[in-house]
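Examination of the molecular architecture
What follows is each chain in one-letter form.
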Amino acid sequence: MGGSSKIDSSEYTDLNRVIRWFIGLRWAAAVGVLAALVFGHVSIRYSFNFTVLYVLTGILVLMNSGFALYYGRIKRGNLSRKEMGIFFHVQICSDYVLLFLLIYFSGFLNNPFIFYFVFHIMLTAFIFPSRVVFYYVLALVLVFSLFMGIEYGTDFGLFFRGLAGLRPVEIPGQSVLFGLSLLTTLILTAYLVTRIKIRIVERGKKIEFELNRYKSLDKAKSNFILQVTHELRGPLAAVKGYHEMILKGITGNIAEKTGDTLKKATRRTKNLLTIIDEMIDYAYMKSEDEVHFTKIEIDMHDIIQNNIEYFENLAQERGIKLVFSCRKNIKVYANRDLLNIIISNLITNALRYSKPDSKVSVNGDEGGDEVHLLVRDEGIGIEEDELENIFEEFYRTRKAREIERDGTGLGLSIVKKAVDSLGGRLAVYSELDKGTSFHIYLPKT
Amino acid sequence: MDKKNILIIDDDKDIIETTGALLEYEGFTIHSAESVEEGVKMIDLVKPDLILLDIMFPEKKTKGFEAAEEIKASHPDIPILAFSAINREYAFDFAKEDIKAEEFINKPVETDKLVELINKYLA
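The text that follows walks through the structure, step by step, so that each part is easy to find. All of these numbers come straight from a predicted model, not from anything done at the bench. (Residues numbered from 1 in each chain as written. Chains lettered and ligands numbered in written order. Predicted model: local features only at pLDDT ≥ 70, side-chain atom pairs only at ≥ 80, totals over all residues.)

**Structural notes on the overall build of chain A**
The helix and strand inventory of chain A stands at twelve helices and seven strands. Taking all 445 residues of chain A together, 27% fall into the buried category. Considering only contacts within chain A whose residues lie at least 6 apart along the sequence, 73% involve residues at least 24 apart. (Helix = DSSP H or I, 4+ residues; strand = E, 2+ residues; numbered from the N terminus. Buried ≥ 20, exposed ≤ 12 C-beta atoms within 10 Å, placed from the backbone. Contact = placed C-beta atoms within 7 Å.)

**Examining the overall build of chain B**
A tally of regular secondary structure across chain B gives four helices and five strands. Helices (α) and strands (β) of chain B occur, in sequence order from the N terminus, as β-α-β-α-β-α-β-β-α. Counting over 123 residues, chain B shows a buried share of 44%. Sequence-distant contacts, at least 24 apart, represent 60% of the contacts inside chain B between residues at least 6 apart.

**A word on the nonpolar core**
Within the largest apolar cluster, 82 residues are counted, with the highest numbers of intra-cluster contacts made by Ile342(A), Ile347(A), Ala418(A), Ile6(B), Leu53(B), Ala68(B) and Ala82(B). Top contributing element to this core by residue count: helix H10 (residues 336–352) of chain A, with nine residues. Counting residues in hydrophobic clusters, the runner-up holds 25 residues, among them Val33(A), Phe117(A), Ala125(A) and Val137(A). (Core = buried A, V, L, I, M, F, W, Y, C linked by C-beta atoms within 7 Å.)

**Quick word on the environment of Phe438(A)**
Secondary-structure assignment places Phe438(A) in strand E7 (residues 435–443). Considered as a pair, Phe438(A) and Asp377(A) are 61 residues apart in the sequence and their alpha carbons are 9.0 Å apart.

**Overview of helix H1 (residues 9–42) of chain A**
Residue and element names in this part refer to chain A. Its 34 residues place the ends of H1 49 Å apart at the C-alpha level, agreeing with the 50 Å of an ideal helix rising 1.5 Å per residue. Within H1 the residues assigned to the buried category are Leu15, Ile19, Phe22, Arg26 and Val33. For H1, the secondary structure elements touched by its buried residues are helix H2 (50–74) and helix H3 (81–104). (Expected span 1.5 Å × (residues − 1).)

**Let's talk about the interface of chain B and chain A**
Contact with chain B, which involves 23 residues of that partner, is made by 23 residues of chain A. At the level of elements, helix H1 (13–25) and helix H4 (111–122) of chain B are the ones that each hand at least two residues to the side of chain B that touches chain A. Here the element with the most residues in the side of chain B that touches chain A is H1(B); it accounts for seven residues. Grouping the amino acids of the side of chain B that touches chain A by side-chain chemistry returns eleven nonpolar, four polar and eight charged. (Nonpolar A, V, L, I, M, F, W, Y, C, P; charged D, E, K, R; others polar.)

**So, the sheet that holds strand E5 (residues 103–106) of chain B**
Residues and elements named next belong to chain B. With parallel pairing, five strands are arranged side by side in an open sheet as E2-E1-E3-E4-E5. Looking at the sheet topology across the chains shown, the edges are occupied by strand E2 (29–33) and E5. Neighbour-to-neighbour, the strand axes of this sheet turn through a mean angle of 25 degrees, independent of strand direction. Both strand E3 (residues 50–54) and strand E4 (residues 80–84) contribute to a ladder of four bridges, which runs parallel. Residue pairing in the sheet places Ile51 in a bridge with Ile80 of E4. Here helix H2 (residues 36–46) sits on the sheet in contact with strand E1 (5–9) and E2, set at roughly 170 degrees to E1. (Pairing = 2+ DSSP bridges. Axes fitted to C-alpha atoms, helices over the stretch in contact; angles between N-to-C directions.)

**Here's the deal with the packing of H2(B) against helix H3 (residues 64–74) of chain B**
Residues and elements named next belong to chain B. Two elements in contact, H2 and H3, have axes whose closest approach is 11 Å; the angle formed by their N-to-C orientations is 25 degrees. Classified by the angle their axes make, H2 and H3 are roughly parallel. Relative to H3, H2 is oriented so that their crossing is right-handed. The segment H2 lies against H3, with Val36, Val40 and Ile43 engaging Gly64, Ala67, Glu70 and Ile71. (Parallel < 35°, antiparallel > 145°, perpendicular 65-115°, else oblique. Left-handed = near helix turned anticlockwise from the far one by under 90°.)

**Details of the sheet that holds strand E5 (residues 370–377) of chain A**
Residue and element names in this part refer to chain A. Strand order in this open sheet of five strands is E2-E4-E5-E7-E6, and the pairing throughout is mixed. Of all strands in the sheet, those bounded by a partner on one side alone are strand E2 (321–326) and strand E6 (425–431). Taken pair by pair, the neighbouring strands of this sheet meet at an average axis angle of 10 degrees, ignoring direction. In the sheet, E6 pairs with E7 via seven bridges, with the strands oriented antiparallel. Note that in E7 the partner of Val428 across the bridge is Phe438.

**Observations concerning the environment of Ile74(A)**
Mapped onto the elements of the fold, Ile74(A) is located in helix H2. Residues Ile74(A) and Met84(A) lie ten residues apart in sequence; the distance between their C-alpha atoms is 9.5 Å.

**Focus: H2(A)**
Residue and element names in this part refer to chain A. Counted at 1.5 Å a residue, the expected span for H2 with its 25 residues is 36 Å, and the 36 Å between its end C-alpha atoms agrees. Turning to H2, its buried residues number three or more, namely Leu53, Leu56, Leu60 and Asn64. On its buried side, H2 packs onto H1 and H3.

**With respect to the packing of H1(A) against H2(A)**
Residues and elements named next belong to chain A. Following both chains from N to C, one finds H1 and H2 inclined at 165 degrees, their axes separated by 10 Å at the closest point. Classified by the angle their axes make, H1 and H2 are roughly antiparallel. Two packed elements cross with a definite hand, and for H1 against H2 that hand is left-handed. In this structure, H1 contributes Ile19, Arg20, Ile23, Arg26, Trp27, Ala30, Val33, Leu34, Leu37 and His41 to the contact, and H2 contributes Phe50, Leu53, Tyr54, Thr57, Leu60, Val61, Asn64, Phe67, Ala68 and Tyr71.

**Let's talk about unusual backbone geometry**
Cis peptide bonds are those with omega within 30 degrees of zero, and the linkage from Lys107(B) to Pro108(B) qualifies with -5 degrees. Position of Pro108(B) relative to the elements: it lies in the loop between E5 and H4. In this structure, Asn329(A) is a non-glycine residue whose phi angle is positive, near 75 degrees. Position of Asn329(A) relative to the elements: it lies in the loop between E2 and strand E3 (331–334). Judged by the 10 C-beta atoms lying within 10 Å of it, Asn329(A) falls in the exposed class. Residues other than glycine seldom take positive phi values, yet Lys47(B) does so here, at roughly 50 degrees. If you trace the backbone, Lys47(B) turns up in the loop between H2 and E3.

**Topic: the environment of Ile15(B)**
Its location among the elements puts Ile15(B) in helix H1. Sequence separation between Ile15(B) and Asp54(B) is 39 residues, and the spatial gap between their C-alpha atoms is 9.9 Å. Ignoring anything within four residues of it in the chain, the contact list for Ile15(B) reads Ala237(A), Ala238(A), Gly241(A), Asp10(B) and Lys107(B).

Below is the structure:
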């Protein structure tokens, strides 16, 4: 405790919990003390001044009731740090005083329960900073030394002993040793607990620092992806727009040859766009841990339809028929980006490696506790010896490189990683020059 | 037949030029603004039937997606189509669903798709 004057709400809740625990523990202590007193009194083995002891127990009960009432009032309202500190000091001090008096009037150093002081010094060391703990320990050492001196060294002590109901001690030296042992235990315990507390706090700070660093790195990374996506796709959108303006004749009539040449430029521009999409997906998949993917309920029909719409024009330009079929209301609990990544990359490949006048079909279905996604093309196919390599990063088949120059070889590795992240599996069947079909199975939940 | 007014708000001049020209070719009247502030002022001047709003504006103080809320508050009857070069949710630092727009479109968009969407919300 110590620091700025206002306590933030989470620390306040923690402090409230500690106070509640204190008060509860004190009730338990009061019951324990009462039981011990009754036992001691009834067994008539002890010649203590039980009146005083019962009174002290009563005071303990009264004090704790006071604390409980006060706690009830401050629970919701805001105490400043100083006021909270004072409340803790009052509790700790009254605990020490009452404990001391109870022990003193029930045998002092002969009462083994004197070791509850060790427990109290541990509590003090946990709550207060080391400087405050030092003062408490010093006070205890002084008080103990004073009373030990009085009790065992003077006539005045004999008077006190009478009041305290102590039997004369046989070996004074023993008591002194006992007292020394107690005091050194207190000092060592206070020191040890303080050191442990400091270590724990330091560890906590280190963890918080690492966590903040991780969070800001994460933010920097996603900021980077955002920038890259925006800066690459934006200009391309403009370029595509200008091509379209020219081809539609908005800027004036163009010669046929000009139009054909421009169409070639447009084709490569569109390729570039898909390549950029692949690379951004790749960068994202590489950088994320699985735990980051949030899942929501997705309708297979809708997500497939969105992707089909996105690729419709591209398919048309290539003379490829792009179709899909999926019943409505097939739901899968998955991450939307990952599912989009899977579908779009598979369609990109299918369109890229198909000949004109062929068909690419996307199907969504469900079976048991899985949803089934099928992307099928009638394209160049994959040779059997290459089938096991197609999911490797940067791998492109021989035929693929022949038919289309542009391509990263990343698409399927991205798809595989996405499917793995969603907890699904995939299968591929292919026949050279006949076509390829990719089957994705995803768990519904 | 009355030509419909469309207001394009985008910080990319070329996007304004290309999207504007392509939509004009399809029969719309186009107005444009290069910042959210300018765009909001134009709404009262030109009274658009629909707004195409880019949601980024990285260089500017007011981001497009914040503008959508502002515009919807003052002109709830004008449909807003939000568009962006960003096509993956993981790239955003806000939720797509939070954008107060009728639809969210990725740039580049095929012109016929765009026209289809515009007509859908003008009806």
